[in-house]
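Understanding the architecture of this molecule
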Amino acid sequence: AKYTYATEDSPAHHDVKDFKPMIASKEIKTNQEYIMPSLSYPSSSTTATVKDILYTATLAASTPLAVEVANDIQKEPNWRWQYHLHAVRHVQVCAESSSEQCLEVAKAGLEQIYSTF
């Protein structure tokens, strides 16, 4: 589906929290199929995808804490119920990193997303 965004004439223009994509065409294909890509984990899943992305992004900070957190992300057996703890630790890595390291984290995460999909 094609998307269009709020313009300066729309009510959402001045309030970011109200900014939402609007479907440009009412004709939406409902038979599209999205398949998760094959990753480095034994089976493809949303869990494996997110773990790969977060692992790669966190590791890009290149600090001892980043390596520890990234390895914990990769080894987490109970991701569904523990991912929030890893998200907090990822933010901690970024908070303790320089601006340049944070940019590297963001770039690595985006590159992993683009290469995955």
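Our subject is the structure listed above.
Please read these numbers as outputs of a predicted model, since none were measured by experiment. (Residues numbered from 1 in each chain as written. Predicted model: local features only at pLDDT ≥ 70, side-chain atom pairs only at ≥ 80, totals over all residues. Heavy atoms only, no water.)

Once that is clear, we can look at the packing of helix H1 (residues 46–59) against helix H4 (residues 99–116). Contact geometry for H1 and H4: axes closest at 7 Å, N-to-C directions at 150°. Relative to H4, the crossing made by H1 is right-handed. Seen from H1, the contacting residues are Thr-49, Asp-52, Ile-53, Thr-56 and Ala-57; seen from H4, they are Val-105, Ala-108, Gly-109, Gln-112, Ile-113 and Thr-116. Grouping the constituent residues of the contact of H1 with H4 by class yields five nonpolar, five polar and one charged. (Axes fitted to C-alpha atoms, helices over the stretch in contact; angles between N-to-C directions. Helix = DSSP H or I, 4+ residues; strand = E, 2+ residues; numbered from the N terminus. Left-handed = near helix turned anticlockwise from the far one by under 90°. Contact = heavy atoms within 4.5 Å. Nonpolar A, V, L, I, M, F, W, Y, C, P; charged D, E, K, R; others polar.)

Of note in this structure, Ser-62 is not a glycine but carries a positive phi near 55°. Mapped onto the elements, Ser-62 comes out in the loop between H1 and helix H2 (64–75). For Ser-62, a relative accessible area of 60% translates into the label exposed. (Buried < 20%, exposed > 50% of the residue type's maximum accessible area, 1.4 Å probe, protein only.)

Take it as geometry only, folks, not as evidence of what the structure does.
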